[in-house]
Amino acid sequence: METEEGTPPRRLRALPSRLTNQAALAANRIVDQALAEAGARRYHYALLAASEEYGPSSQAALGRRTGIDRSDMVATVNDLAERRLLERAPDPQDRRRNIVSITAAGRRELTHLDRLLAAAQDAFLAPLPAADRRRLTDLLTRLVDHHRGDHG
């Protein structure tokens, strides 16, 4: 039996871990392209979203909430502050620490990025009907929560 040259072996095609990785690669490519249209990256979106949701926070707290490494956090905050999407000010309680806040322009940018990412999600999930999209999101959430240690 002859198969197409680009087709992986059946054993590989049946591994959920490999399928998840392949889907993640496609999703990341689609999301990165959508964000690039706005001159943004995933860290920008994560930091703006966390700043909007949690309010003024230290860079360390934002890093823990977003999973952004300390050195990447400094560069991302610098970039967004230069673009006036975030403000950084010394913490009145501890002058060695900065408090980061989203600006009005940052909120507008976040709304714009939300629209781009919604379209990217639609592109990624294009072959699935709405019920399957919800089910996939539920299943992935359960897997992520379990492996993060949030099962209980």
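Our subject is the structure that appears above.
Note that the coordinates shown come from a computational prediction; the quantities given were computed from them, not determined experimentally.

**Structural notes on the sheet that holds strand β1 (residues 57-58)**
Moving on, step 1. Strands sit in the order β1-β3-β2 across an open sheet of 3 strands; the sheet is antiparallel. Two strands bound the open sheet, and with one partner strand each, they are β1 and β2 (86-90).
Moving on, step 2. Bridge analysis of β1 against strand β3 (residues 98-102) gives 2 bridges, and the strand direction is antiparallel. The residue of β3 that forms the bridge with Ser57 is Val100.

**A word on the side chain of Glu109**
Moving on, step 1. Along the chain, the position of Glu109 falls in helix α6 (residues 104-124).
Moving on, step 2. Despite its burial, Glu109 pairs with no opposite charge; the closest candidate is Arg83, at 5.0 Å N-O.
Moving on, step 3. What Glu109 contacts, discounting residues up to four positions off in sequence, is Ala38, Leu48 and Leu85.

**Observations concerning the side chain of Thr103**
Moving on, step 1. In this fold, Thr103 is placed in the loop between β3 and α6.
Moving on, step 2. By relative accessible area, Thr103 is classed as buried at 11%.

**Some points on helix α3 (residues 42-54)**
Moving on, step 1. Compared with an ideal rise of 1.5 Å per residue, which puts 13 residues at 18 Å, α3 spans 18 Å between its outermost C-alpha atoms and is within 8% of the ideal.
Moving on, step 2. Phi turns positive, to about 80°, at Gly55, one or two residues after α3.

**What about the nonpolar core?**
Here is a general trend for soluble globular proteins: nonpolar side chains tend to be buried in one another's company.
Moving on, step 1. Residues Leu47, Leu48, Leu86 and Leu113 are the most contacted members of the largest nonpolar core, which totals 23 residues.
Moving on, step 2. Only α2 (16-37), α3, α5 (70-82), β3 and α6 provide two or more residues apiece to this core.
Moving on, step 3. Per element, the largest residue contribution to this core is 5 residues, and it comes from α6.
Moving on, step 4. With sequence-adjacent residues up to four places away left out, Leu48 is seen in contact with Leu80, Leu85, Leu86, Ile102, Gly106, Glu109, Leu110 and Leu113.

About the criteria used
Residues numbered from 1 in each chain as written. Predicted model: local features only at pLDDT ≥ 70, side-chain atom pairs only at ≥ 80, totals over all residues. Heavy atoms only, no water. Pairing = 2+ DSSP bridges. Helix = DSSP H or I, 4+ residues; strand = E, 2+ residues; numbered from the N terminus. Buried < 20%, exposed > 50% of the residue type's maximum accessible area, 1.4 Å probe, protein only. Lys, Arg positive; Asp, Glu negative; His and termini not counted. Salt bridge = Lys/Arg side-chain N within 4 Å of Asp/Glu carboxyl O. Contact = heavy atoms within 4.5 Å. Expected span 1.5 Å × (residues − 1). Core = buried A, V, L, I, M, F, W, Y, C linked by side-chain atoms within 4.5 Å.

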